[in-house]
Amino acid sequence: IAKHPEIKALMKPDYNLIWVVVLMVLAQLTAFYLVKDLDWKWVVFWAYVFGSCISHSMTLAIHEISHNSAFGNSKAMWNRWFGIFANLPLGLPYSISFKRYHMDHHRYLGGDGIDVDIPTNFEGWFFCTRFRKFIWIVLQPFFYAIRPLCINPKPITRLEIINLLAQLCFDVVIYYLLGVKSIFYMLAGSVLGLGLHPISGHFIAEHYMFLKGHETYSYYGPLNLLTFNVGYHNEHHDFPNIPGKSLPLVKKIAAEYYDNLPQYNSWIKVLYDFVMDDTISPYSRMKRQLKGEVQQD
């Protein structure tokens, strides 16, 4: 900031995010209608080829919204309600809980017992062979859902209850109007998109130490176009209040800080290397013992 004060101008909401999310929700609603009478094989096909991409992209839109990128910090509750809306085509309530835990991830990166992005000891111990690591990648959405309850359970909040009830009502309406195939497409797309999928490489790429001493890595490949530039991950952790749309400008402005850091250009290769490299496992994360007062959402 001292060297490049112009970066401060990027710390503002991305109002285009609102319209992108609305269009994504409408696209999924259209897909729910189109798959309702297809053969099951085609429902599964489109759930993986299209639904999974939209669903994973929507989770990263919710990531943006969790940083108040849609309406700004001055309208924090507008972002929470909008996150609940963006959550609807995923099928499972996610947005409000993600916001609470993700802020801990930024404040206390790698904090033992706080940052639930860190795999549990069981995951590191059991998923240590190539085959088991492959299974771990397939099951990633389940571990991300269950891990907070094991590592850092939090009292449920009113907004989380609202998120749950809104999601249940939406799911019931979709089932009543369109039938079981649309529900399956919605849920399968979410599970498949967050599991064995090219975009899921970002889960591994962001913080797994393929190189000792380097805790966070950026990815500058084309899938950033579908993921709100989440690949610009060093930039994001340096400036979490800058929307993803502007992170390439951060890299351009402060190139001397980012260009020479280890980086990726393929999330598919990250997944392959994670499975095949016997020196890498869920244990390959920096874990810190936190000192002093810890303030959580």
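In this text the structure is predicted, and so the values were computed from the model without any measurement. (Residues numbered from 1 in each chain as written. Predicted model: local features only at pLDDT ≥ 70, side-chain atom pairs only at ≥ 80, totals over all residues. Heavy atoms only, no water.)

1. Considering the overall build of the protein chain
The helix and strand tally for the protein chain stands at 14 helices and two strands. Over its C-alpha atoms the protein chain spans a radius of gyration of 19 Å, differing by no more than 12% from the 19 Å that the globule rule assigns to 297 residues. By principal-axis analysis of the C-alpha atoms, the protein chain measures approximately 55 × 45 × 40 Å. Within the protein chain, contacts between residues at least 6 apart in sequence are counted, and of these 76% link residues at least 24 apart. Across the protein chain, the 26 positively charged side chains and the 23 negatively charged ones have centroids separated by 2 Å. (Helix = DSSP H or I, 4+ residues; strand = E, 2+ residues; numbered from the N terminus. Rg over C-alpha atoms; globule rule 2.2 N^0.38 Å. Contact = heavy atoms within 4.5 Å. Lys, Arg positive; Asp, Glu negative; His and termini not counted. Charge placed at Lys NZ, Arg CZ, Asp CG, Glu CD.)

2. Comments concerning the nonpolar core
By size, the foremost hydrophobic cluster in this structure holds 35 residues, and its most contacted members are Val21, Met58, Trp136 and Phe274. Taken together, the elements giving at least two residues each to this core come down to α1 (16-35), α2 (40-66), α3 (76-87), α6 (130-138), α10 (201-205) and α14 (267-276). Apart from residues lying up to four places away in sequence, Phe274 is in contact with Lys133, Trp136, Ile137, Ile204, Tyr208, Phe210, Ile280, Ser281 and Pro282. (Core = buried A, V, L, I, M, F, W, Y, C linked by side-chain atoms within 4.5 Å. Buried < 20%, exposed > 50% of the residue type's maximum accessible area, 1.4 Å probe, protein only.)

3. Describing the UniProt feature "domain: Fatty acid desaturase" (unreviewed entry) in the protein chain
Under the feature "domain: Fatty acid desaturase" (unreviewed entry), the UniProt entry names residues 41-263. Secondary structure content for residues 41-263 is 61% helix and 1% strand, and the end C-alpha separation is 38 Å. (UniProt positions renumbered as here; feature names shortened; annotations may be inferred.)

4. Some remarks on the UniProt feature "transmembrane region" (unreviewed entry) in the protein chain
Following the UniProt record, the feature "transmembrane region" (unreviewed entry) maps to residues 17-35, 42-61 and 81-98 here. With 100% helix and 0% strand, residues 17-35 has its two end C-alpha atoms placed 27 Å apart. For the annotated span residues 42-61, helix accounts for 100% and strand for 0% of the residues, and the straight-line distance between the end C-alpha atoms is 27 Å.

5. Considerations on α1
Since the α-helix turns once every 3.6 residues, residues separated by three or four places project in the same direction. Compared with an ideal rise of 1.5 Å per residue, which puts 20 residues at 28 Å, α1 spans 29 Å between its outermost C-alpha atoms and is within 8% of the ideal. Listed in full, the buried residues belonging to α1 are Leu17, Ile18, Val21, Met24, Val25, Gln28, Ala31, Phe32 and Val35. Buried positions in α1, seen along its axis, are confined to an arc of 150 degrees and lie on one side of it. Exposed and oriented more than 90 degrees from the buried face of α1 are Trp19, Leu23 and Leu34. Along its buried surface, α1 packs onto α2, α3, α8 (158-178) and α9 (180-193). (Expected span 1.5 Å × (residues − 1). Arc of directions from axis to C-beta.)

6. Regarding α9
Here α9 contains 14 residues, and its C-alpha end-to-end distance of 19 Å stays within 8% of the 20 Å for a straight helix at 1.5 Å per residue. Among all positions of α9, only Lys181, Ser182, Ile183, Tyr185, Met186, Ala188, Gly189, Ser190 and Gly193 are buried. Where α9 is buried, its residues contact α1, α2 and α8.

7. Some thoughts on the environment of Val138
The residue Val138 is located in helix α6 in this model. Its relative accessible area of 30% is what places Val138 among the partly exposed residues. A C-alpha to C-alpha distance of 36 Å links Val138 and Leu10, two positions 128 residues apart in sequence. Here Val138 is in contact with Gly195 and Leu196, once residues within four sequence places are set aside.

8. Some words on the packing of α2 against α3
When two helices pack together, their arrangement is given by the angle between the helix axes and by the axis-to-axis distance. Viewed as axis vectors pointing N to C, α2 and α3 meet at an angle of 175 degrees, and their least axial separation amounts to 9 Å. One element, α2, and the other, α3, form an angle in the roughly antiparallel class. Contacts between α2 and α3 involve Met58, Ile62, Ile65 and Ser66 from the first element and Asn79, Arg80, Phe82, Gly83, Ala86 and Asn87 from the second. When the residues that make up the contact of α2 with α3 are grouped by side-chain class, the tally is five nonpolar, four polar and one charged. (Axes fitted to C-alpha atoms, helices over the stretch in contact; angles between N-to-C directions. Parallel < 35°, antiparallel > 145°, perpendicular 65-115°, else oblique. Nonpolar A, V, L, I, M, F, W, Y, C, P; charged D, E, K, R; others polar.)

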